[in-house]
Amino acid sequence: MNSCSPEPSLRAYLLGSQPASATSPAGQPGRWRVERDLLDRSDGTRGTFSGVVLFTPTDDGGLALREEGTMRWPSFTGPASREYVLEPAPRPDALDVFFPDGRPFHRMSFTPDSSLDTHWCDPDTYRVSYTRQGPDQFSYSWDVTGPRKDLLLVSRLVRVAS
């Protein structure tokens, strides 16, 4: 269930209460621990990802997202990472997520009317759902369906104390 009183600014929530300083005018990165369960529903294969997500402020009011950790899958265990660019949306309780090359991905939000979004990656459909569980914890799930993929990816993030 989403919180009844979402943060007024999703960017501020992801960064935490670290103020900007003279040496880092945009503020410090928000650091979150992530645990992800991976399920390939087509054959029942299960895996995990454990790592850290950094939300780093950008000069244009957005965030750079960098995720690093270890993926465990029956055929692979090793390092994994990914990056996205989060840009301000027309409303402060949302951010638009882009791939590093600038292609649009989806909208991130915890508000009930915006916490669900869809991304078409031909020929498969990716559906995301975000849930804020408190001031230092949120989750999201990707339900991926189509002729090539049938996946459920559930991620739980907990803020790392600075």
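Residues numbered from 1 in each chain as written. Predicted model: local features only at pLDDT ≥ 70, side-chain atom pairs only at ≥ 80, totals over all residues. Heavy atoms only, no water.

(A) Examining the pattern of salt bridges more closely. Taken as a whole, this structure holds 12 salt bridges when the rule is applied. Arginine 36 serves as the salt-bridge partner of glutamate 67, at 2.7 Å between the closest nitrogen and oxygen. On the criterion of sequence distance, the pair formed by glutamate 67 in strand S3 (residues 63-73) and arginine 36 in strand S1 (residues 30-40) is long-range, its members being 31 residues apart. In this pair, the class of glutamate 67 matches that of arginine 36, namely buried. By sharing partners, the salt bridges in this structure join Arg36, Glu67 and Arg82 into a single network. (Salt bridge = Lys/Arg side-chain N within 4 Å of Asp/Glu carboxyl O. Helix = DSSP H or I, 4+ residues; strand = E, 2+ residues; numbered from the N terminus. Buried < 20%, exposed > 50% of the residue type's maximum accessible area, 1.4 Å probe, protein only.)

(B) Broad picture of the environment of methionine 108. By secondary structure assignment, the location of methionine 108 is in strand S6 (residues 104-109). Counting along the chain gives 14 residues from methionine 108 to alanine 94, while the straight-line C-alpha distance between them is 5.5 Å. Residue contacts for methionine 108: discarding those within four places in its chain leaves Leu10, Leu14, Leu86, Asp93, Ala94, Leu95, Val97, Tyr130 and Phe138. (Contact = heavy atoms within 4.5 Å.)

Worth remembering: the numbers are spatial, not functional.
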